[in-house]
Amino acid sequence: MEAKKNLIFVIYDSILNSVFYSMVLSPLIEKLNLDPNLHITLISFERNKIPENKTDIPKTDRLKVVLLKRPRFFGKSSFIFSIQKLKSVFKKYPGEIIARGPLAGYITLKATNNPFTVQARGLCAEEYRYTQNYKKSNFLKTAISKLIYKQFKNIEHTVYASNKVLIESVSCALKTYITENFKAKKNKITIINDDIPSKFSKEEIIFFRKEVREKLSIDETKFVYCYSGSAQPWQCIEDVVDFFKQELSKQENIFLLVLTQETNHFEKLFKDNFFPKNSYKVISINPEILYQYLSACDAGLLFRKKDIVNWVSRPTKLLEYQSVGLKIIHNNTIAYLTEDSAKKRVASNNLNV
């Protein structure tokens, strides 16, 4: 009989984060399904108290959830309490440690002397800088933002340059950035793929496509574009509108399906742009049936601004589109799509040899 294995997974961006279910919980459950001897302790730092009915975390003896208080960030000193709490948890639940992102990585680094893995999902400091561009500011707020940016940058450098840390990167572009800017060693960085959603079979996609199109009264002859996501400024929904407007001027037999929680915003946007009512549909759905609705489409829209934040990213939306075989319409601002296209070209050339 194999010995019990323990995995401790540390996150800092909350179990209520929109990508928690698909990018954190699902891969952990998959690990449990593949290894009956594995036990996982999920440690999450939360700003607010989480009611039990607000999570979809299954109750099982092999998956423990520990929620710790997350203080407001005002520099490294704001982690002191968190580090002490995490030390106590590590003593209670020893095992292999994985931290999601540099903030969870920094707290873990200070809470243990053991080697561990950090999942690099993006650039913490640059993402903070990027989101600040969309907020109203004044001299004081700008000065504070610059200080916080420097703190985040310093934390990333401390984590990624540490000899105790192995790094899992979501893209080759992010790996390159980390090695060039944070003195991380290339041989300590691997590209992570085990959290990528499984691809659906052609039979499943055909079944879902027929079922959803009938439910939404979308004709089978229509070429359906899909936008899945929010109306946040960095999602570039104005580019989505412009793209579809241009396509409508070229051909009539197309349709746009928008899957979002911000239905009123999109409805007003399309109305203001005088889109024919029979050319689009805006709906809110349960995340658990997202892939069924994506299967009803032919192409997914993914536009981003030209920025290092987007260039090194591997958007969840992109993976969701790919899982049901959608063609991805984009504006060449994400290196991962370029990398993926290159891999497909190489594979195709190899098959043709």
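Here the structure is a predicted model, which is why all the values come from computation and not from measurement. (Residues numbered from 1 in each chain as written. Predicted model: local features only at pLDDT ≥ 70, side-chain atom pairs only at ≥ 80, totals over all residues. Heavy atoms only, no water.)

Draft legend 1. Examining the pairing of strand β4 (residues 96–100) more closely. Summarising burial for β4: four of the five residues are buried, a large majority. In terms of strand pairing, strand β1 (residues 5–11) meets β4 through four bridges, oriented parallel. Paired with isoleucine 8 across the two strands is isoleucine 97, which belongs to β4. Where β4 and strand β5 (residues 116–120) come together, three bridges link them in parallel fashion. Opposite alanine 99, over in β5, you have valine 118 as the bridge partner. In the classification by handedness, the crossover that spans β4, the intervening helix α3 (residues 101–111) and the parallel β5 is right-handed. (Buried < 20%, exposed > 50% of the residue type's maximum accessible area, 1.4 Å probe, protein only. Helix = DSSP H or I, 4+ residues; strand = E, 2+ residues; numbered from the N terminus. Pairing = 2+ DSSP bridges. Right-handed = clockwise from strand over helix to strand, strands pointing away.)

Draft legend 2. Here's a closer look at the nonpolar core. Formed by 46 residues in total, the largest nonpolar core has its most connected members in Val10, Ile43, Phe79, Leu86, Tyr160 and Ile178. Per-element accounting of this core gives the leading share, six residues, to α3. Apart from the residues within four sequence positions on either side, isoleucine 43 is in contact with Ile8, Phe9, Val10, Ile11, Val66, Leu68, Leu86, Val89 and Phe90. One finds Met23, Phe255, Leu290 and Leu302 within the second-largest nonpolar core, a separate group that totals 29 residues. (Core = buried A, V, L, I, M, F, W, Y, C linked by side-chain atoms within 4.5 Å. Contact = heavy atoms within 4.5 Å.)

Draft legend 3. Focus on the environment of leucine 248. Among the structural elements, leucine 248 can be located in helix α8 (residues 237–250). Each C-alpha atom of the pair leucine 248 and serine 279 lies 8.6 Å from the other, and the pair is 31 residues apart in sequence. Not counting residues up to four positions away in its chain, the partners in contact with leucine 248 are Ile254, Phe275, Pro276 and Ser279.

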